[in-house]
Amino acid sequence: MEQNKLIDGKALSKKIKAEIAQEVDQMKAKGFRAPHLAAVLIGSNPASMSYVRSKVKSCEEVGFTSSLIEKEKEITESELLTLVEELNNDERIDGFIVQLPLPSHIDEMKVTMAIDPSKDVDGFHPVNLGKMSLGLDSFVPATPYGIVQMLDRYGVETSGKHCVIIGRSNIVGTPMSILMSRKTKIGNCTVTLTHSRTKNIAEEVRRADIVIAAIGFPNFVNGDMIKDGAVVIDVGINRVEDESSKRGYRLVGDVDFESCLPKCSLITPVPGGVGPMTVCSLMLNTLKARKFS
Ligand code: GUN
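What comes next is a walk through the structure. Every value quoted in this text rests on a predicted model; they were computed, and no experiment measured them.

Inspection of every chain in the model, using the stated rule, returns one aromatic pair. With a centroid separation of 5.9 Å and 80° between ring planes, the pair formed by Phe217 and Phe220 is classed as edge-to-face.

The structure is reproduced here in structure tokens:
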């Protein structure tokens, strides 16, 4: 019974990746080149390395080609901007990402703005975010895009519902708030975007039909904050120390799964929820970039 409440991001991403692979096969059979994604990784942040590795692996799984460009954390901003320009001009590359966060001496916004919007498969460039806000065709940031697909494929009715988002990051909370309020199939919600200055987050979350937690704080949302029957989406991937684990840490979401499970109607686990869907959305954006290149 409780098992039916699980939104299985791992299984869904596998299914969508199989659909992408089939389309790539057809593309190649017609004599077209496979999509190519480039990923730029600066320094050796363990989480970033792990994310980029999984992006490159997914490219292989769906039949894309990919390039991993690794640079020392001492790279200057101007060197990185030159690299971005090279990638913008490289016709063999359909889309590319610069993995964030960047070292503190580099202005992330400056780098993001230097990316050609037609190759910005992360959907972080103001042109893509602006188009998305107006409901125009654009690259939608991977995490919000993945969440929309999960809600869609699990048949969640969003119209007229109250969606409470926790966290206003440029990557997740802010774009998610826009998508859920738009006049679209997965949308038409009344949206509350909560953040560090919100007076009483728990009270806001208690009113939610759909909760999207993206604050990067382990187990922040607990069962006492969940209205009966709410849908709970956990975007958090927090590493907490765990000596009993071989790696020395374990992954914990922003949601306390155990206490929320009895109250909610649907919930995403961590790991195996939003994470795999994010990578799969990046593949969809890269396929789109190839089609329009
Ligand atoms: N860092 C955390 N999430 C992301 C993402 O989706 N794209 C990039 N480029 N960096 C990230």
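From this point, the discussion proceeds with the structure in view.
Sheet topology note: the strand β4 (residues 162–166)/strand β5 (residues 190–194) ladder contains five bridges and is parallel. Within β5, the residue paired with Cys163 across the bridge is Val191. Chirality of the crossover, the property in question, places the unit of β4, helix α7 (residues 173–181) and β5 among those that are right-handed.

Turning our eyes to something else, we now look at the environment of His105. In this fold, His105 is placed in the loop between β3 (95–98) and α4 (108–114). Sequence separation between His105 and Arg290 is 185 residues, and the spatial gap between their C-alpha atoms is 33 Å. Apart from residues no more than four positions distant in its own chain, His105 is found in contact with Lys73, Glu74, Ile75, Thr76 and Glu77. At 2.7 Å, the side chain of His105 forms a polar contact with the backbone oxygen of Ile75.

Bringing the pattern of salt bridges into the picture now. Under the definition given, this model contains 13 salt bridges. Note that Lys57 and Glu61 form a salt bridge whose closest N and O atoms lie 3.5 Å from each other. With Lys57 and Glu61 both in helix α2 (residues 46–62) and four residues apart, this pair spans about one turn of that helix. We classify Lys57 as exposed; its relative accessible area is 51%. Overall, Glu61 belongs to the partly exposed group, its relative accessible area being 42%. For Lys73, the salt bridge is made with Glu74, and the minimal N-O distance between the two is 3.1 Å. No difference in accessibility class separates Lys73 from Glu74, as the two residues are exposed.

Rules behind the numbers
Residues numbered from 1 in each chain as written. Predicted model: local features only at pLDDT ≥ 70, side-chain atom pairs only at ≥ 80, totals over all residues. Heavy atoms only, no water. Phe/Tyr/Trp six-rings, centres within 6.5 Å; stacked < 30°, edge-to-face > 60°. Pairing = 2+ DSSP bridges. Helix = DSSP H or I, 4+ residues; strand = E, 2+ residues; numbered from the N terminus. Right-handed = clockwise from strand over helix to strand, strands pointing away. Contact = heavy atoms within 4.5 Å. Polar contact = N/O pair within 3.5 Å; in protein donor to acceptor, adjacent residues only side chain to side chain. Salt bridge = Lys/Arg side-chain N within 4 Å of Asp/Glu carboxyl O. Buried < 20%, exposed > 50% of the residue type's maximum accessible area, 1.4 Å probe, protein only.

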